[in-house]
Amino acid sequence: MAAKTLYLGPRLKKLRRELGLTQANMASDLDISASYIALMERNQRPVTAEMLLKLATTYRIDVADLADGDADETAARLQSVLRDPLFADIAIEPLDIEDIATSYPGMAEAILRLHTAFGEEQLVLAERRDSAEEQGSGGPVASDPVGEARAFLAARRNCFPELDDSAAALARKLDSFAAMQDHLLEQHQLELRLTDDGLLRGALRWHDYHRRRIHISERIDQAGRRFQAALQIAIIEQEQPIARIVSESRLGSDDGKRLVRRALQSYWAAALLMPYRAFARAAADLRYDVEALCSRFAVSFEQAAHRLTTLQRPGEEGVPFFFLRVDRAGNVSKRLDGAGFPFARHGGGCPLWNVHTVFDQPNTVDAQLIELPDGERYVSIARTVRGGGGAFGVPRVVRSVVIACSASQMDKLAYGETLAAAEPTPIGVACRLCHRPRCIARSAPPMGREIVPVRYRESGVPFDFSME
């Protein structure tokens, strides 16, 4: 069988620049002509086995280091992007994608950045349009930093491989609260200590800059303490990578940038506690059983559920989940879309959805098969979580957390066997958009429907409307 022709143009050029060499310098070292170096760097000549050996011995490098591992990830990212319906009418062969990723990495990165910017802009425009409709005006709309931050995360599918990789590099070393204490002391001369509420005045964490101390409230549980310690490390050590990601965004307000910066710091902290590859492998092995993941990684239900929304690294994707956190009044305090669900911006208000009914059974995981008016079905996994508290008289709040994925993924879930034979619960994205008749939980009639008069008949539902 003929050996595969090896082209390493971009990688060879990168190696030469890392070594601080000109093409003439490298040609002299390898006893070949500068024009031949130029041809190899432009992928107009292959790199032979003899040349590989000469490169390895001359510059004392491992031959494996010349393999462009980044090209595989770039190709996977390109394949993911090119599945967008925007490109549905363009026939692009997988080999062409690999060629672009290997031979033209700069062009590949430009395509990826443009697509991300396009997706972010579309989401921001949608948020602004919705805000304008809610305000009843087509005029200028006040800046919505929360909407901007959500659009930023959604455009990137809430996945940041660069942050995952840097967190994973430290995860084994910083595998406990004590290890994080030692790290902060050794690397930054900061003392990390648990502190009572009298000093913190209700805060969870405080960096006492002048005394070089990090105080974490002793009221929070072990999972919370570890997360706060990891978050402090992220704030100190990941400032530049996070600033670079934020600078590449299209965020229009300072508040939006601050919210995204906080989200990325929390992302890194979660990635330290739950490294991407280890967590993705465990999620698949445990069939996305959130409680089992909590036990394995010593994290809270909300932390594990949140992390499940981030498993969309191209080529290493997990089940795509949507995440929502609401209080008893239905106020949404966190919303993350890793799956492109229709209730990503508007949903959460249907009282038939288990994100609301789990308040009746606190601390118990509930799995529900739900069906939207268009017939699409989803698996919804919900449980209550508690915030605050920890001492007598300290305010606390109970919220509900839900993650949902397409019912087509049911066979991958621990909850699938129970739900396979279950009848789906019909829910709506919002009452004004839901045209299901005879819903006893309805709070408003659907748009475009005429209310049926009740002069001769009482239907027993809040709003009886004509289906014609």
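From a predicted model like this one, the values you see are computed outputs, not experimental measurements.

Draft legend 1. Layout of the packing of helix 13 (residues 239-247) against helix 14 (residues 254-273). As a packed pair, helix 13 and helix 14 sit with axes 10 Å apart at the nearest point and diverge in direction by 135 degrees. With respect to helix 14, the axis of helix 13 lies oblique. Considering how the two elements wind past one another, helix 13 and helix 14 form a crossing that is right-handed. Residues Ile-242, Ile-245 and Val-246 of helix 13 form the contact with helix 14, whose own contacting residues are Lys-257, Val-260, Arg-261, Leu-264 and Gln-265.

Draft legend 2. Quick look at the side chain of Glu-302. Secondary-structure assignment places Glu-302 in helix 17 (residues 301-308). Residues in contact with Glu-302, not counting those within four places in the same chain, are Phe-323, Arg-325, Lys-334, Val-385 and Val-401.

Draft legend 3. Region of interest: helix 16 (residues 290-297). Of the positions making up helix 16, those classed as buried are Val-290, Leu-293, Cys-294 and Phe-297. Taken down its axis, helix 16 places every buried residue within 105 degrees of arc, on the same side. Exposed positions of helix 16 whose direction lies more than 90 degrees from the buried face are Ser-295 and Arg-296. Taking the backbone nitrogen of Glu-291 as reference, a side-chain oxygen 3.2 Å away marks Asp-289 as the first, capping residue of helix 16. Where helix 16 ends, the next residue or the one after it, Ala-298, has phi of about 55 degrees, a positive value.

Draft legend 4. Here's a closer look at the environment of Leu-311. In this fold, Leu-311 is placed in the loop between helix 17 and strand 4 (322-327). For Leu-311, a relative accessible area of 0% gives the class buried. Distance in space between the C-alpha atoms of Leu-311 and Phe-160 is 9.6 Å, their sequence separation being 151 residues. Setting aside its immediate chain neighbours within four residues, Leu-311 contacts Tyr-276, Phe-279, Ala-280, Ala-283, Glu-316, Glu-317 and Gly-318.

Definitions and limits used
Residues numbered from 1 in each chain as written. Predicted model: local features only at pLDDT ≥ 70, side-chain atom pairs only at ≥ 80, totals over all residues. Heavy atoms only, no water. Axes fitted to C-alpha atoms, helices over the stretch in contact; angles between N-to-C directions. Helix = DSSP H or I, 4+ residues; strand = E, 2+ residues; numbered from the N terminus. Parallel < 35°, antiparallel > 145°, perpendicular 65-115°, else oblique. Left-handed = near helix turned anticlockwise from the far one by under 90°. Contact = heavy atoms within 4.5 Å. Buried < 20%, exposed > 50% of the residue type's maximum accessible area, 1.4 Å probe, protein only. Arc of directions from axis to C-beta. Polar contact = N/O pair within 3.5 Å; in protein donor to acceptor, adjacent residues only side chain to side chain.

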